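The residues making up each chain are set out below.
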Protein chains: 2
Amino acid sequence: MKIAVSGKGGVGKTTIVALLGYLYKEEGKKVILVDADTNGNLASALGYRSAQITPVSEMKELIEERVGSGGIFKLNCRVDDIPEEYSLNLEGMRLLVIGGVKRGGSGCACPQNTFVRNLIASLMLEKDEVVILDMEAGIEHLGRATAKAVEVMLVVTEPGMRSINTALEIERLAKDIGIEMVFVVGNKIRSQKEISFIEDNISLSILGFISYNEGLIEIDMKGEAVFSNKKAAEEVYKIKKRLEIKDFV
Amino acid sequence: MKIAVSGKGGVGKTTIVALLGYLYKEEGKKVILVDADTNGNLASALGYRSAQITPVSEMKELIEERVGSGGIFKLNCRVDDIPEEYSLNLEGMRLLVIGGVKRGGSGCACPQNTFVRNLIASLMLEKDEVVILDMEAGIEHLGRATAKAVEVMLVVTEPGMRSINTALEIERLAKDIGIEMVFVVGNKIRSQKEISFIEDNISLSILGFISYNEGLIEIDMKGEAVFSNKKAAEEVYKIKKRLEIKDFV
């Protein structure tokens, strides 16, 4: 399964990607996490303070050499074809990062996005493999169709009109690029009133809700892994279960 | 003065832009607000639920016709040269929006960003005019140098390593594109411990701190203007005062 997690900036995309990845790993799946945000911090959410990973934007030549040629991806490339040295291996999870902006004024992130789109599209997964993409904030990646090859798009929203409007835009644009399964996750919930607010303002299927959690703020300040927060892990576990039901219906 | 407000997604950029704009307007300045995020919601933070504004990406032809030709901007164009119909007039504030993604897979936001960069660079301001840009989340806009022509970059951060790392990246990249004045604003502060955390992890000049404010969450749920929250307005007023001192030192 290939899953992309998107939403307005700051809604909790990275935290949910890290927790989902951890839960799939715990049940024995091979997990590939892709940080598709130039300003990504997925390594940090996994508890790695200064991860030394070569970004995918820099491994382009090497990948072409190994899995394709002339810039064209070999169809049906496998996860194992991605060189070990270009991903961080986290006991059952592998992390790839799209890479940042090297210098101010050096250009946009279009080349990296094209590369990630082709890589995800060409990856043929085994039954026990799961790919989870942590998308950039907002909607520009949908113009770029970076996540075109995923089966499921999870859209994270807080209780507030601004992130709900982003969620609705994402749904509209995801359909354009052919993603049929778009589900919502409500995050930072402090009351039943806030759950109702999201339910009233969104007609998409809602997979579940995650509580406002000061423990996660503490974890971010300490630079620890988000899955050390048991409550958050339990709440995301329920969402993962619901996703599996939806996926097979 | 031309100011850009940037930072990780969800740290409160848009709220601070709306509050700063309101405060400058209240003291009699002419304020031009630019929503430079494809997923922008500045209109919403100003209390406009469904603002009908033609995005700048669609006014390109008209601007070229009025202020330049052949895609080249006329130097020293004035705020008054921007057609009234392409901005929302909010009693002393004018709002321009960069525009969203029309269709999934239709491309990136590079053309809009180039347009905004040229527009901001060519605007010759009178003494009583202030331009404030609400940047896209993260750092890609710095690769694009969208805010190249601003004098001041405010970087908003929460108490957490992830948004602090973004702030440090923004500082580094802002220098590359020639922005000398980069200041930090700490937002969503719940304790003295969180203030110390930001101070300990950032060496940039900190202009001030804004409290975690449940009132702003309520306002977002109701779709009201953020400046109806008196506490937030007072805190941003102090930051504005400090900015004026820094600006003239």
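A few points on the structure. Quick caveat: nothing in here was measured; it's all calculated off a predicted structure.

Before going further, it helps to examine the interface of chain A and chain B. On the chain B side, the residues contacting the 51 residues of chain A number 51 residues. Summed over both partners, the interface of chain A with chain B buries about 4,100 Å², with 49% contributed by carbon and sulfur atoms. Considering only the surface of chain A that becomes buried against chain B, A:Glu140, A:Arg162 and A:Met221 emerge as the three largest contributors, covering 19% of it. At the boundary of chain A with chain B, the tally comes to eight salt bridges. Of the charged contacts in the structure, one is a salt bridge between A:Glu218 and B:Lys193, with a shortest N-O distance of 3.3 Å. There are 32 residue pairs in polar contact (both at pLDDT 80 or more) connecting chain A and chain B. Sorting the residues of the side of chain A that touches chain B by element identifies helix H1 (13-26), helix H2 (42-45), helix H5 (140-144), helix H6 (161-176), helix H7 (192-201) and helix H8 (214-222) of chain A as the ones contributing at least two each. Per-element tally for the side of chain A that touches chain B: the top contributor is H6(A), with seven residues. Grouping the amino acids of the side of chain A that touches chain B by side-chain chemistry returns 18 nonpolar, 17 polar and 16 charged.

Further remarks concern helix H7 (residues 192-201) of chain B. For H7(B), every residue scored as buried is listed here: B:Glu194, B:Ile195, B:Phe197 and B:Ile198. Looking straight down H7(B), one finds its buried side chains confined to an arc of 155°; they lie on one side. Turned more than 90 degrees away from the buried face of H7(B), the exposed residues are B:Gln192, B:Lys193 and B:Asp200. Looking at the packing, one finds that the buried side of H7(B) touches H8 of chain A together with strand S8 (152-157), helix H6 (161-176), strand S9 (181-189) and strand S10 (206-211) of chain B.

Residue and element names in this part refer to chain A. Strand order across the open sheet formed by eight strands is S5-S6-S2-S7-S1-S8-S9-S10, with mixed pairing between neighbours. Across the chains shown, the open sheet's two edge strands, defined by having one partner strand only, are strand S5 (88-90) and strand S10 (206-211). Here the average twist between neighbouring strands, direction ignored, is 20°. Of the pairings in the sheet, the one linking strand S9 (residues 181-189) to S10 comprises four bridges and is parallel in character. Within the sheet, the bridge partner assigned to Ile189 lies in S10 and is Ser211. Set on the sheet, H1 makes contact with strand S1 (2-7), strand S2 (30-36), S5, strand S6 (93-97), strand S7 (129-135), strand S8 (152-157), S9 and S10; between it and S7 the angle comes to about 170°.

Okay, the packing of aromatic side chains next. Aromatic ring pairs are defined here through the distance separating the ring centres and the angle between the ring planes. Residue and element names in this part refer to chain A. For the structure on display, the rule yields three aromatic pairs over all chains. Ring geometry for Tyr22 against Phe227: centres 4.2 Å apart, planes inclined by 10°, an arrangement best described as stacked. Of this pair, Tyr22 sits in helix H1 while Phe227 sits in the loop between H8 and helix H9 (230-248), and the two are 205 residues apart along the sequence. A cation sits over an aromatic face here: Lys240 above Tyr24, 4.9 Å from the ring centre.

Quick look at the state of the cysteines now. Counting across every chain of the model gives zero disulfides over all chains. In this structure A:Cys108 is not part of a disulfide, and its nearest cysteine sulfur, from A:Cys110, lies 3.3 Å away.

Let us look at the environment of B:Cys108. Residues and elements named next belong to chain B. Positionally, Cys108 belongs in the loop between strand S6 (93-97) and helix H4 (110-122). What makes Cys108 partly exposed here is its relative accessible area of 26%. Distance in space between the C-alpha atoms of Cys108 and Arg172 is 24 Å, their sequence separation being 64 residues.

What counts and how
- Residues numbered from 1 in each chain as written.
- Chains lettered and ligands numbered in written order.
- Predicted model: local features only at pLDDT ≥ 70, side-chain atom pairs only at ≥ 80, totals over all residues.
- Heavy atoms only, no water.
- Contact = heavy atoms within 4.5 Å.
- Buried area = accessible area lost by both parts, 1.4 Å probe.
- Salt bridge = Lys/Arg side-chain N within 4 Å of Asp/Glu carboxyl O.
- Polar contact = N/O pair within 3.5 Å; in protein donor to acceptor, adjacent residues only side chain to side chain.
- Helix = DSSP H or I, 4+ residues; strand = E, 2+ residues; numbered from the N terminus.
- Nonpolar A, V, L, I, M, F, W, Y, C, P; charged D, E, K, R; others polar.
- Buried < 20%, exposed > 50% of the residue type's maximum accessible area, 1.4 Å probe, protein only.
- Arc of directions from axis to C-beta.
- Pairing = 2+ DSSP bridges.
- Axes fitted to C-alpha atoms, helices over the stretch in contact; angles between N-to-C directions.
- Phe/Tyr/Trp six-rings, centres within 6.5 Å; stacked < 30°, edge-to-face > 60°.
- Lys NZ or Arg CZ within 6 Å of the ring centre and 35° of its normal.
- Disulfide = S-S within 2.5 Å.

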